[in-house]
Amino acid sequence: MTENLSISNKTKGRLPSLPFEHIKNTVLGLGYELSLVFITAQEIKKINKNYRNLNKPTDILSFPLSKKSGEIFICPNETKREMIKFNRTYKNFLTYLFIHGLVHLKGYDHGEKMEKMEIKFRGKFDI
């Protein structure tokens, strides 16, 4: 944990070692405060239902809290299920999702501009 990134794992699983802080700083900058939380499918389903009115688990949810802070929730189990559709390894797809969430926090919504921004950042990390 650093001053601008806190990571908590609320699952029983072990997380892969990834350069989360470096990726966050590259996409959002040093001054952005991010909370990254790994949660179970049950927990992310509740959040998804509460905030998006979708009664199902998802792999990632991003929430801006202010212009300089936000939070990302990732469900490792859903990530492992989804990675197969994209023919990616777990570490690769987890990084892909993390970048996706960061770009949302940067203010982008799904679409061509967001895709271009994601491609730019994925290229920096060989994703």
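This text follows the structure it describes.
Residues numbered from 1 in each chain as written. Predicted model: local features only at pLDDT ≥ 70, side-chain atom pairs only at ≥ 80, totals over all residues. Heavy atoms only, no water.

### Notes on the overall build of the protein
Helices and strands together make up the secondary structure of the protein, namely five helices and four strands. Written out in order from the N terminus, the α and β elements of the protein read β-α-β-α-β-β-α-α-α. Against the globule reference of 14 Å for 127 residues, the protein gives a C-alpha radius of gyration of 14 Å, in line with a compact fold. With the C-alpha coordinates of the protein rotated into their principal frame, the extents come out at 30 × 30 × 30 Å. (Helix = DSSP H or I, 4+ residues; strand = E, 2+ residues; numbered from the N terminus. Rg over C-alpha atoms; globule rule 2.2 N^0.38 Å.)

### Description of the environment of N48
Relative to the assigned elements, N48 resides in helix α2 (residues 41-52). Judged by relative accessible area, N48 falls into the buried class, the value being 0%. With 40 residues separating them in the primary sequence, N48 and S8 have C-alpha atoms 19 Å apart. Here N48 is in contact with N53, L54, K56, P57, T58 and L61, once residues within four sequence places are set aside. (Buried < 20%, exposed > 50% of the residue type's maximum accessible area, 1.4 Å probe, protein only. Contact = heavy atoms within 4.5 Å.)

### Looking at the environment of G101
With respect to the helices and strands, G101 occurs in helix α4 (residues 90-105). According to the relative accessible area criterion, G101 is buried, its value standing at 0%. When the C-alpha positions of G101 and E71 are compared, they lie 9.0 Å apart, and in sequence the two are 30 residues distant. When residues no more than four places from it in sequence are discounted, the contact partners of G101 are I60, S62 and I72.

### Comments concerning the sheet that holds strand β1 (residues 5-9)
Sheet architecture is open: four strands sit in the order β1-β2-β4-β3, paired in mixed fashion. Each edge of the sheet is formed by a strand with only one pairing partner; in this case those strands are β1 and β3 (60-66). Neighbour-to-neighbour, the strand axes of the sheet open up by a mean angle of 10°, direction not taken into account. Pairing of β1 with strand β2 (residues 33-38), which is carried by five bridges, proceeds in the parallel orientation. (Pairing = 2+ DSSP bridges. Axes fitted to C-alpha atoms, helices over the stretch in contact; angles between N-to-C directions.)

### Observations concerning unusual backbone geometry
Even without a glycine there, the phi angle at N53 is positive, about 55°. In this structure, N53 sits in the loop between α2 and β3.

### Let's talk about the packing of α4 against helix α5 (residues 112-124)
Between α4 and α5, whose axes approach to 10 Å, the crossing angle comes to 130°. With respect to α5, the axis of α4 lies oblique. Crossing of α4 over α5 shows right-handed handedness. Contact with α4, carried on its side by Y96, I99, H100, V103 and H104, involves M114, M117, E118, F121 and R122 of α5 and no other residues of that element. Residues that form the contact of α4 with α5 fall into these classes: six nonpolar, two polar and two charged. (Parallel < 35°, antiparallel > 145°, perpendicular 65-115°, else oblique. Left-handed = near helix turned anticlockwise from the far one by under 90°. Nonpolar A, V, L, I, M, F, W, Y, C, P; charged D, E, K, R; others polar.)

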